[in-house]
Amino acid sequence: MDSHPHLQPPFKPIFLLILYAFTSIFITTIMGSVIVDSKFTVRPAKPNDRLNLEQIVDLSFSRFLGYFAKHSLHDEGQVLVTETETTVVGFAKLIEFYVYEDMFGCVLWVAVHPKFRRKGVASALVEAGTKWLKQEGAKSVFASIQRRNTASLSVFDKQGFRRRGFLDLYRLFSWRVFVFYWAIWLAPGEVVLMHS
Ligand SMILES: CC(C)(COP(=O)(O)OP(=O)(O)OC[C@H]1O[C@@H](n2cnc3c(N)ncnc32)[C@H](O)[C@@H]1OP(=O)(O)O)[C@@H](O)C(=O)NCCC(=O)NCCS
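Described below are features of the structure shown in this document.

Conventions we followed
- Residues numbered from 1 in each chain as written.
- Predicted model: local features only at pLDDT ≥ 70, side-chain atom pairs only at ≥ 80, totals over all residues.
- Helix = DSSP H or I, 4+ residues; strand = E, 2+ residues; numbered from the N terminus.
- Near = placed C-beta within 6 Å.
- Nonpolar A, V, L, I, M, F, W, Y, C, P; charged D, E, K, R; others polar.
- Pairing = 2+ DSSP bridges.
- Axes fitted to C-alpha atoms, helices over the stretch in contact; angles between N-to-C directions.
- Contact = placed C-beta atoms within 7 Å.

### Concerning the environment of Leu-51
Here Leu-51 shows up in helix α2 (residues 50-60). Put simply, Leu-51 and Val-88 are 37 residues apart on the chain and 9.9 Å apart in space, counted from C-alpha to C-alpha.

Structural data, given as structure tokens:
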């Protein structure tokens, strides 16, 4: 029995083709976003993540900042990555340092592949990084962010980081506040955020 009796032979295959195309696009879109949104994990970086991480750096920073970000990936410290089922989509670089006898931590770089932004990837990295640094013994965890980088400031704000000015930091570190600035690589135009 013909389910589309009103469609004559040349139109029936075309109708079915269009129906098939729309159904596939719909299913791909819906399934794709489900996979990306809900299935990612945070883990320490492995040596074979390098190319993926460098690509994320290239897509996320200017050449100048990217140069330092890439170097930082290979310097001392821990790199956490976020991955979906198939690929690495973001990273955070963590460092530990001492002022007097106390150990502190810093989330030095965070970047997410542009296709995977606004899905909570950076938030998951900052949360996991802060937890990891505190488990390592950090008394507080810091970050230094360009004051105009509202996206990054929001990510850290939502994870409980608060802005600390020079006087707040001086109360904490006295004259060694400069040792602190050096340790977190404070750059011009950046503000210091702290998670206590
Ligand atoms: C900043 C960055 C890391 C954010 O990554 P992300 O995975 O998209 O961030 P999240 O999805 O966890 O965002 C959490 C919250 O931060 C805020 N936010 C994130 N990106 C934002 C944007 N572009 N504009 C405004 N608010 C933003 C939102 O409040 C968001 O919550 P919501 O999506 O529920 O509204 C990403 O945009 C990036 O890689 N930027 C380039 C590199 C960079 O600037 N790194 C930071 C300096 S080291």
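### Points about the site of the ligand
Around the ligand lies a shell of 21 residues, among which Arg-117, Ala-122, Ser-123, Ala-151 and Ser-154 are the nearest. Of all the elements in the fold, those that place two or more residues in the shell around the ligand are β4 (102-112), α4 (121-135) and α5 (150-158). Counting residues per element, the shell around the ligand draws most heavily on α5, at six residues. Split by residue class, the shell around the ligand holds 10 nonpolar, seven polar and four charged.

### Quick word on the sheet that holds strand β1 (residues 41-44)
In spatial order, the strands read β1-β2-β3-β4-β5-β7-β6; together these seven strands make up an open sheet with mixed pairing. Bordering the open sheet on either side are β1 and β6 (162-164), each of which pairs with just one other strand. Across the sheet, the axes of successive neighbouring strands diverge by a mean angle of 35 degrees, strand direction being ignored. Across the face of the sheet, α4 comes into contact with β1, β2 (78-83), β3 (88-99), β4, β5 (141-146) and β7 (190-195) while running at roughly 30 degrees to β3.

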